[in-house]
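Summary of the model geometry
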Amino acid sequence: MARDKTLIVGNWKMNLNMHEASLYVHQLAKLVKNRRDVEVVLAPTALTLQSLSLQVNYRQFKLAAQNFYWRDQGAYTGEISASQLRGVVQYALVGHSERRHVFHESDKDIRAKVQAAIRNQICPILCVGETASERADGETLDVIHDQLIGGLANVTSEEVEQIVIAYEPVWAISSGDGNGHNALPSDVKKVVAIIRNQIKHLYGSVAANNIRVLYGASVRADDAAAYLAIEGIDGLLVGGVSLDAYGFNEIVKKAHKGSSLAKNTEGGI
Ligand code: 13P
């Protein structure tokens, strides 16, 4: 997967019913311009994926699942599999902090989901990030390390470049355990370097260079450019603001402009 496009993913979480989702995508479609250097991905609730897959122009928006079960079919009441999502979504979030902490998903579940996504030609966006207390205890590096090892076990070096890693510090997520205190770009830069180093250690420097890494937590239109300018960052995973068409479009616009800025320039917030 190429790093030449900036990836902007909107995670709607458990918001918007089918009617609202359709109206919202209609509004977004009028605002968001197709740009060759930006890929825009929408992650609505599972309920709306099928109808939105018929509504969106795939040159403008790709779709992502927020969650799925790792087995392909069977007696798993209430679940949706990656094989059922195949052809409907191009991406899927895996290991989002809300899945890890609210629904107690383990590294074993997350690893199985990464593999189910790959098996079904869906690009997994593996989310990693430390909680407020882990950060306070100086455990950020260890947590990221463990979540990467846990999520990527059994992924081959051919497969790893299809994966996107999203760094989402839980304490900086607007609904997270730190009430959305913003992460400084300098802190994000350190963790992105840790992520790429870990990939290098596991899969070599080509994979470490080629894998896409996103930042996500309380990103808004006015600070998106600063996060996009961090060395090693290929895009953003946006929560709350992805439900505001104007704010989200402003972020997409920054991604277009930002991608022409030097990747090595670190912005300030
Ligand atoms: P916010 O942008 O609302 O902080 O959410 C971040 C997030 O969890 C995206 O997946």
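Within each chain, residue numbers correspond to sequence positions counted from 1 in written order. Given that this is a predicted model, residues contribute local features only at a pLDDT of at least 70 and side-chain atom pairs are listed and counted only at 80 or more, while totals for whole chains, interfaces and linings are drawn from all residues. Side-chain numbers here rest on the full set of heavy atoms in the structure, without hydrogens or water.

We count a stretch as a helix when DSSP gives it H or I for four or more residues in a row; a strand needs E for two or more, and each element gets its number in order from the N terminus. Secondary structure summary: the protein contains 12 helices and 8 strands in total. As a reference, a globule follows 2.2 Å times the number of residues to the power 0.38, and the radius of gyration itself is taken over C-alpha atoms. A compact globule built from 269 residues should have a C-alpha radius of gyration of about 18 Å, and the protein, at 17 Å, falls within 12% of that. In terms of overall dimensions, the protein has C-alpha extents of about 45 × 45 × 35 Å along its principal axes. Only heavy atoms matter for contacts: two residues are in contact if any of them lie within 4.5 Å across the pair. Nonlocal contacts in the protein, meaning residues at least 24 apart in sequence, comprise 73% of its contacts between residues at least 6 apart. Values of accessible area rely on a 1.4 Å probe in the Shrake-Rupley scheme; residue burial ignores everything except the protein chains shown. Counting only carbon and sulfur atoms, one obtains 51% of the accessible surface of the protein, whose full area is about 12100 Å². Only four residue types enter the charge count: Lys and Arg as positive, Asp and Glu as negative, with His and the chain ends excluded. Think of each charge as sitting on NZ of Lys, CZ of Arg, CG of Asp or CD of Glu. Computed over 28 positive and 29 negative side-chain charges, the separation of the two mean positions in the protein equals 8 Å.

Relative to each other, helix α5 (residues 107–119) and helix α7 (residues 140–152) sit at 50 degrees, their axes nearing to 7 Å. Put simply, α5 runs oblique to α7. Of the residues in α7, those touching α5 at Asp107, Ile110, Arg111 and Val114 are Asp146, Gln147, Gly150 and Gly151. Considered class by class, the residues forming the contact of α5 with α7 number 2 nonpolar, 3 polar and 3 charged. The convention used is that axes are lines fitted to C-alpha atoms, helices contributing only their stretch in contact, and that angles between N-to-C directions extend from 0 to 180 degrees. Convention used here: angles under 35 degrees read as roughly parallel, angles over 145 as roughly antiparallel, angles from 65 to 115 as roughly perpendicular, and any remaining angle as oblique. Classification convention: Asp, Glu, Lys, Arg as charged; Ala, Val, Leu, Ile, Met, Phe, Trp, Tyr, Cys, Pro as nonpolar; all other residues, Gly among them, as polar.

To estimate how far a helix should extend, the number of its residues minus one is multiplied by 1.5 Å. Between its first and last C-alpha, α5 extends 18 Å over 13 residues, near the 18 Å set by a 1.5 Å rise per residue. Check the buried side of α5 and you find it contacts α3 (82–85), β4 (91–94), α4 (97–101), β5 (123–128), α7 and α8 (157–160). Downstream of α5 by a residue or two, glutamine 121 has a phi angle that is positive, lying close to 55 degrees.

Before going further, it helps to examine the site of the ligand. Every residue lining the ligand is accounted for by Asn11, Lys13, His96, Glu168, Ile173, Ser174, Ala217, Ser218, Leu237, Gly239 and Gly240. Between the ligand and lysine 13 there is a distance of 2.8 Å, counted from an oxygen atom to a side-chain nitrogen or oxygen. Throughout this description, a polar contact denotes any pair of N or O atoms lying within 3.5 Å of each other; where both atoms belong to protein, one of them has to be capable of donating a hydrogen while the other can accept it, and for residues adjacent in sequence the pair is counted only when both atoms sit in side chains. Serine 218 places a polar main-chain atom, nitrogen or oxygen, 2.7 Å from an oxygen atom of the ligand. Within the complex, 97% of the 310 Å² of free accessible area of the ligand lies under protein. Considering only residue class, the shell around the ligand consists of 3 nonpolar, 6 polar and 2 charged. A molecule or strand has a residue near it when one of that residue's heavy atoms lies within 4 Å.

This next bit is on the sheet that holds strand β3 (residues 62–65). A pair of strands is considered paired only if DSSP assigns at least 2 bridges between the two. Taken together, the 8 strands give a closed barrel; going around it, the order is β1-β2-β3-β4-β5-β6-β7-β8, and neighbouring strands pair in parallel fashion. Taking each pair of neighbouring strands and ignoring which way they run, the sheet shows an average axis angle of 25 degrees. Pairing geometry for β4 and β5, over 4 bridges, is parallel. Among the inter-strand pairings, leucine 93 is bridged to a residue of β5, identified as isoleucine 125. Against the sheet, helix α9 (residues 185–203) contacts β5, β6 (164–167) and β7 (212–215), and its axis sits at roughly 155 degrees relative to β7.

Further remarks concern the confidence of the model for the protein. You can read pLDDT as the predictor saying how much it trusts each residue, on a scale of 0 to 100. Predicted confidence across the protein gives a mean pLDDT of 93, with 95% of residues reaching 70 or more. Counted against residues more than four places away or in other chains, residues 260–269, with its pLDDT under 50, gives 25 contacts.

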